[in-house]
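# Fold and geometry: a report
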Amino acid sequence: MKKSTLGKVVKWSAIGVDVACPLIATLSQFPIWIHRSSEATVSGTFLLFALLSMLPFAKQIATYMKSPSAWVVWGILFALFIALRNIIDEMVIVCFVGLLSNIVGTFVYKLGEKIADGNSGDGSK
């Protein structure tokens, strides 16, 4: 085996170890599926740590992706959005509730400022 071929094999083996070990640890520590009524969704914690585990592999793919074809880009985006769809649906609800509560909080805060300014004790408004 040539040194260049052996070097590539060793490099890819290292990337495999870099990806596989944290991914296996993630699989053993976090549930992949969360059951909710009749639906099963991907655990956000699992997804986060799985993505972190894939960083060394992602660096190699980034080198390959410097000039990807259009179908490769669309394929990657499709897979990414399918994986994130359930989390995005949940985050939409969280963001909507946050929006409404912050709108109400703004009015309550302004009311508190108005009350505090009106009761300064010097008789002026």
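Every value quoted in this text rests on a predicted model; they were computed, and no experiment measured them.

Rules used throughout
Throughout this description, residue numbers start from 1 for each chain and increase along the sequence as written. A pLDDT threshold of at least 70 governs which residues receive local features in this predicted model, and a stricter bar of 80 or more applies before side-chain atom pairs are shown or counted, although totals over entire chains, interfaces and linings include all residues. Neither water nor hydrogens contribute to the side-chain values; these are computed over all heavy atoms in the structure. Helix numbering and strand numbering both begin at the N terminus, where a helix is a DSSP run of H or I of at least 4 residues and a strand a DSSP run of E of at least 2. Burial status follows relative accessibility: with a 1.4 Å probe on protein chains alone, a residue under 20% of its type maximum counts as buried, one over 50% as exposed, and anything between as partly exposed. Only heavy atoms matter for contacts: two residues are in contact if any of them lie within 4.5 Å across the pair. Surface accessibility in these figures is a Shrake-Rupley result with a 1.4 Å probe; residues are shielded only by whichever protein chains are displayed. Salt bridges, as used here, are contacts in which a Lys or Arg side-chain nitrogen is within 4 Å of a carboxyl oxygen on Asp or Glu. Working definition: the arc comes from the directions between the helix axis and the C-beta atoms, pointing outward to the latter.

Turning to the overall build of the protein, a few remarks are in order. Broken down by element type, the protein carries four helices and two strands. For the protein, the N- to C-terminal ordering of α and β elements is α-β-β-α-α-α. Relative to its 125 residues, the protein shows a buried fraction of 9%. Partitioning the intrachain contacts of the protein with sequence separation of at least 6 by distance along the chain shows that 54% fall at a separation of at least 24. Here the protein has roughly 10200 Å² of accessible surface; of this, 71% comes from carbon and sulfur atoms.

Now for the side chain of Ser53. Structurally, the position occupied by Ser53 is in helix 2 (residues 44-53). Residue classification places Ser53 among the buried residues on the basis of a relative accessible area of 3%.

The subject of this paragraph is the pattern of salt bridges. Per the counting criterion, the structure on display carries one salt bridge. Put simply, Lys110 and Glu113 hold a salt bridge, and the shortest N to O gap is 3.9 Å. Highlighted residues: Lys110 and Glu113, both in helix 4 (residues 70-118), separated by three residues, approximately one helical turn.

We now examine helix 2. Along helix 2, the positions that sit buried rather than exposed are Phe46, Leu47, Ala50 and Ser53. Looking straight down helix 2, one finds that the buried residues subtend no more than 125° of arc, so they occupy a single side.

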